[in-house]
Amino acid sequence: MPNIFYTKTDEAPALATQSFLPIIKAFSKTAGISIETKDISLAGRILAAFPDFLSAEQQKSDDLEALGTLAKSPDANIIKLPNISASIPQLKEAITELQAKGYALPDYPDEPENNKQQEIKSRYDKIKGSAVNPVLREGNSDRRAPRPIKNYAKKNPHSMGAWEKSSKTHVATMSSGDFRSNEISLTLPEATSVDIRLTNERGEVDILKSGIALQKGEIIDATVMRRASLLEFLKREFENARKEGTLLSLHLKATMMKVSDPIIFGHALETYFRDVFDQYGDTFEKIGVDAREGLEILFNKLRSLPAEEHNAISSALQKAMQHGPSLAMVNSDKGITNLHVPSDIIIDASMPAMIRNSGQMWNSKGEPQDTKAVIPDSSYAGIYQATIDFCKTHGAFDPKTMGTVPNVGLMAQKAEEYGSHDKTFEIAESGTVEVVDKESGKVLIQHQVNPGDIWRMCQVKDAPVRDWVKLAVTRARATQTPAIFWLDEKRAHDAELIKKVKAYLPELDIAGLDIQICDPVEATKRTLHRLKQGKDTISVTGNVLRDYLTDLFPILEVGTSAKMLSIVPLMNGGGLFETGAGGSAPKHVEQFLEEGHLRWDSLGEFMALAVSLDFLGNKYKNSKAMVLGSTLDQATEQFLEEDRSPSRKVGELDTRGSHFYLALYWAKALADQSDNLELKDKFSPLAEMLESQKEKILQELLDAQGKPQDIGGYYLPDPQMIKEAMRPSTTLNKILDQL
Ligand SMILES: NC(=O)C1=CN([C@@H]2O[C@H](COP(=O)(O)OP(=O)(O)OC[C@H]3O[C@@H](n4cnc5c(N)ncnc54)[C@H](OP(=O)(O)O)[C@@H]3O)[C@@H](O)[C@H]2O)C=CC1
Ligand SMILES: O=C(O)CCC(=O)C(=O)O
Ligand SMILES: [Mg+2]
């Protein structure tokens, strides 16, 4: 059985893997460890879902399913790189690319007309959005910036925009009618199963979802976002942005919240271009415009119209942008606005980037400008407003002196909102949605609803909560750091969770530890005050705040979440080691294709691999694996000290060069240690060879830069072409072959 599973993903991390994996394989072979790759890329997942449309040679195994099963076994040791969580536009692009490559896949049926199409759509919908992480995350999350990373940031502080007290930047969020205000929650006293049903005003019953099994002690909650309240809010705030002269920026998580957030995004787009949608609604209907897909696809679809009509609508759209509030830009050079692609405005990465940049985003002229950050649901929006207020009062944080905020996140088994998409519904007609106990017939939760309301139910099982509380205490104890549970007793769901936290904490050894529970806004304030003074505070949060905070704090502290150590101790004893908390960085691929320079920083991979080796060494008493792990950590430290991360500029060290340095330092650390003499003997000549050929290798790597690259595809690049592009140093390749 292979010992470590490494994931093949998409975009920049997948390119980086082509260069780094051969190094890992060569080094780990010396300890008898084999590495197996599992393909969880978007293209791989699509192909695995449609065997009946493919020839025998084209069919692919379902690697995600296999890994999901493995994650439940004590033997799991998985290194998980970031993958694309596809929006509909990305999914369609990938399908088109695969079709062009000769895979006879069906088109994505936007509006299925029969059962067959409905079945195809539901296969694609399983691939859409965050379809990978929730399957693998059979454990809670432990993310932190390791000491060497913090030390590096303190010595080499990244840029941090200054904050003015007069900044107009702020968060706009709903005060009623949103998910937060309508939440109802309860804890199941006994195992049961429930149906979700909608009874319309004529008394007709539609079962929205049937037979959801619930465990004893499981918390469920349900809530609704009212369309009318949302539209009123969007209209008001868009108008305010225009009057205030701030940029307008929408922040959602259309990937993880793949049902609710694209709907909200669509409403925002239609609100912004209200007049155009009113005037050209019929035409839009005819050419299949769906506001949820964003402005980019809308522009593309207009091309199918006769020139005159096309021009008229384009100019109406331009006029709306001239007269409406200025849109924040994702890429001002290319005219890509905040409303172009729903997956471009992922809240976890985009809000911290704004806060780091003096609270400003980019306007259409490419200038920074104060911004109204629109975060419709108020459940978590307050933490960003509190951070903005803090920066206005106290100025920007200083990476040289600030503390750190590690996170312990409740995530296992599709916890909370991030597991809710199969229980989220856009309501078709007025009535009552009820969660009904199938055994007793009792209505557990009910909401009055109107057409267009977004209703959802979330679950969190008891075992993950226990495990999370324990993980928090373990981390607080191991680091002697105060821990705050970010839970709001005024929120229905959090109130249930607080009861559990209060019950489970006393079962653990918490003597002498500083553990508090406070609502997210208060937790933000306390944490930020300590952070400013250089003090560390563990944030113990639910799943959404786990996601938000593990970008927010790393981006402020160390410049990027890519440098995070991200461990998922799996509940059945295995280990899942995620790399960083950042995503798949599409901009990096663009730069690589244009100028042959890849700026993906693999520090997350280095750190994940070290813990994975250590985990394996301990588990199977493989002392060589442990030595490989500890020397890899030393190599990473040296890598940081000598600043060998990829530069952003072509003609300078890129990802491939950074991997060479890692290999050099790792080989040297192995040659210098004496815990395992066999490894020492093996790596001493390798270290010498790498050192003596250093200039030649670096030159070969540099020579490969500065020209456009063709890798034969975006979602499914040609394996041989990426291999050649990512391993251009024959000298380095030959040396690695000798191990
Ligand atoms: N765990 C996972 O699988 C995750 C997947 N994603 C997916 O990634 C895609 C893009 O998401 P998006 O929200 O734009 O954010 P990304 O996290 O991909 O990127 C945000 C920015 O962070 C910087 N960054 C992130 N990782 C690295 C790295 N290793 N080295 C250097 N810089 C890095 C880059 O900045 P710069 O451009 O300035 O270099 C990048 O543009 C989506 O499909 C999303 O779903 C997102 C988060 C996690
Ligand atoms: O799975 C995803 O879509 C993103 C996950 C993410 O952002 C995170 O876990 O930090
Ligand atoms: Mg995230």
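Residues numbered from 1 in each chain as written. Chains lettered and ligands numbered in written order. Predicted model: local features only at pLDDT ≥ 70, side-chain atom pairs only at ≥ 80, totals over all residues. Heavy atoms only, no water.

## Section: the overall build of the protein
The helix and strand inventory of the protein stands at 26 helices and 24 strands. Scaling as 2.2 N^0.38, a compact globule of 739 residues should have a C-alpha radius of gyration of about 27 Å, and the protein matches this with 26 Å. For the protein, the C-alpha atoms occupy an extent of roughly 80 × 70 × 60 Å along the three principal directions. Looking at the protein as a whole, 61% of its 739 residues qualify as buried. The long-range fraction of contacts in the protein, counting pairs at least 24 apart against all pairs at least 6 apart in sequence, stands at 79%. Per element, the accessible surface of the protein, about 28,900 Å² overall, is 48% carbon and sulfur. (Helix = DSSP H or I, 4+ residues; strand = E, 2+ residues; numbered from the N terminus. Rg over C-alpha atoms; globule rule 2.2 N^0.38 Å. Buried < 20%, exposed > 50% of the residue type's maximum accessible area, 1.4 Å probe, protein only. Contact = heavy atoms within 4.5 Å. Areas by Shrake-Rupley, 256 points an atom, 1.4 Å probe, with all protein chains shown as cover.)

## So, the UniProt feature "binding site: D-threo-isocitrate" (unreviewed entry) in the protein
Mapped onto the present numbering, the UniProt feature "binding site: D-threo-isocitrate" (unreviewed entry) falls at R143 and R546. Of the residues just listed, which span 404 residues, no C-alpha pair is farther apart than 8.8 Å, and they cluster in one region. Tracing the backbone shows R143 in strand β4 (residues 141–144). Apart from the residues within four sequence positions on either side, R143 is in contact with R137, P406, N407, R546, T550, M564, L565, S566, E578, G580 and A581. (UniProt positions renumbered as here; feature names shortened; annotations may be inferred.)

## A few points about the pairing of strand β21 (residues 515–518)
As paired strands, strand β20 (residues 483–486) and β21 are joined by four bridges and run parallel to one another. Paired with A483 across the bridge in β21 is I515. Since β20 and β21 lie parallel, the crossover through helix α16 (residues 492–504) that links them has a hand, and here it is right-handed. (Pairing = 2+ DSSP bridges. Right-handed = clockwise from strand over helix to strand, strands pointing away.)

## A word on the site of ligand 2
S85, S130, N133, R137, R143, K253, T255, M256, D348, R546, D547 and A581 make up every residue found near ligand 2. Measuring from an oxygen atom of ligand 2, one finds a side-chain N or O atom of S130 at 2.5 Å. Within the contact set of ligand 2, an oxygen atom lies 2.8 Å away from a side-chain nitrogen or oxygen of D547. In isolation ligand 2 offers 290 Å² of accessible surface; the protein chains occlude 89% of this area. Class assignment for the residues of the shell around ligand 2 results in two nonpolar, four polar and six charged. (Near = heavy atom within 4 Å. Polar contact = N/O pair within 3.5 Å; in protein donor to acceptor, adjacent residues only side chain to side chain. Nonpolar A, V, L, I, M, F, W, Y, C, P; charged D, E, K, R; others polar.)

## As for the packing of aromatic side chains
Across all of its chains, the model carries 19 aromatic pairs by this definition. Linked through ring pairs, F50, F53, Y108 and Y124 together constitute an aromatic cluster. Positioned above the aromatic ring of F179, the side-chain terminus of R456 is 4.0 Å from the ring centre. Its end group placed over the ring of F397, K532 keeps NZ or CZ at 5.4 Å from the ring centre. (Phe/Tyr/Trp six-rings, centres within 6.5 Å; stacked < 30°, edge-to-face > 60°. Lys NZ or Arg CZ within 6 Å of the ring centre and 35° of its normal.)

## Some points on the environment of D275
With respect to the secondary-structure elements, D275 resides in helix α10 (residues 274–286). Expressed as a C-alpha distance, the spacing of D275 and A320, which sit 45 residues apart in the sequence, is 7.9 Å.

## A closer look at the UniProt feature "binding site: substrate" (unreviewed entry) in the protein
Mapped onto the present numbering, the UniProt feature "binding site: substrate" (unreviewed entry) falls on S130, A131, V132, N133, P134, V135, L136 and R137. Once residues within four sequence positions are removed from consideration, S130 is found in contact with S85, T255 and M256.

## So, unusual backbone geometry
Most peptide bonds adopt trans geometry, and most residues besides glycine take a negative phi value. A positive phi angle is found at A585, which is not glycine, with a value near 40 degrees. Examined against the element boundaries, A585 turns out to sit in the loop between β24 (575–579) and α19 (586–595). We note that K621 has phi near 50 degrees; this positive angle belongs to a residue other than glycine. Here K621 lies in the loop between α20 (603–619) and α21 (623–641). Note on K621: relative accessible area 70%, which makes it exposed.

## A word on the site of ligand 1
Residues in contact with ligand 1 amount to 23 residues; listed here are only the nearest, G583, A585, H588, R599 and D601. Taking K80, its side chain carries an N or O atom lying 3.2 Å from an oxygen atom of ligand 1. Separating an oxygen atom of ligand 1 from a side-chain N or O atom of H588 is a distance of 2.8 Å. Residue contributions to the shell around ligand 1 peak at three residues, all from α19.

## What to know about the packing of helix α2 (residues 42–49) against helix α4 (residues 88–100)
For the pair α2 and α4, interaxial distance at closest approach is 10 Å and the crossing angle is 70 degrees. Classified by the angle their axes make, α2 and α4 are roughly perpendicular. Of the residues in α4, those in contact with L42, A43, I46 and L47 of α2 are Q90, L91, A94, I95 and L98. Here the residues of the contact of α2 with α4 sort into eight nonpolar, one polar and no charged. (Axes fitted to C-alpha atoms, helices over the stretch in contact; angles between N-to-C directions. Parallel < 35°, antiparallel > 145°, perpendicular 65-115°, else oblique.)

## Topic: the environment of A48
Summarising the element assignment, A48 is placed in helix α2. For A48, a relative accessible area of 15% gives the class buried. For the pair A48 and E65, spaced 17 residues apart in sequence, the C-alpha to C-alpha distance is 9.9 Å.

## Focus: the sheet that holds strand β16 (residues 424–426)
Taking strand neighbours across the sheet as the criterion, the four strands line up as β6-β9-β19-β16 in an open arrangement whose pairing is antiparallel. In this open sheet, the two edge strands, each paired with only one partner strand, are β6 (184–187) and β16. Strand-to-strand twist in this sheet, taken as the mean axis angle between neighbours without regard to direction, amounts to 10 degrees. Bridging between β16 and strand β19 (residues 454–460) involves three bridges; their strand directions are antiparallel. In the strand pairing of β19, E426 is matched with I454. Along the sheet face, helix α9 (residues 260–272) touches β9 (219–225), β16 and β19 and points at about 150 degrees away from the line of β19.

## Re the confidence of the model for the protein
Taken residue by residue, the protein gives an average pLDDT of 96. The fraction at 70 or more is 100%. Across the interface, the model reports ipTM at 0.96; the global pTM reads 0.95. (pLDDT = per-residue confidence, 0-100.)

## Describing a negative patch on the surface
Residues E111, E113, E270, D282, E285 and D290 make up a contiguous surface patch of negative charge. By secondary structure assignment, the location of E111 is in the loop between α4 and α5 (115–127). Given a relative accessible area of 64%, E111 falls into the exposed group. (Patch = residues over 30% accessible without salt bridge, like charges linked within 9 Å, V, L, I, M, F, W, Y side chains within 5 Å. Salt bridge = Lys/Arg side-chain N within 4 Å of Asp/Glu carboxyl O. Lys, Arg positive; Asp, Glu negative; His and termini not counted. Charge placed at Lys NZ, Arg CZ, Asp CG, Glu CD.)

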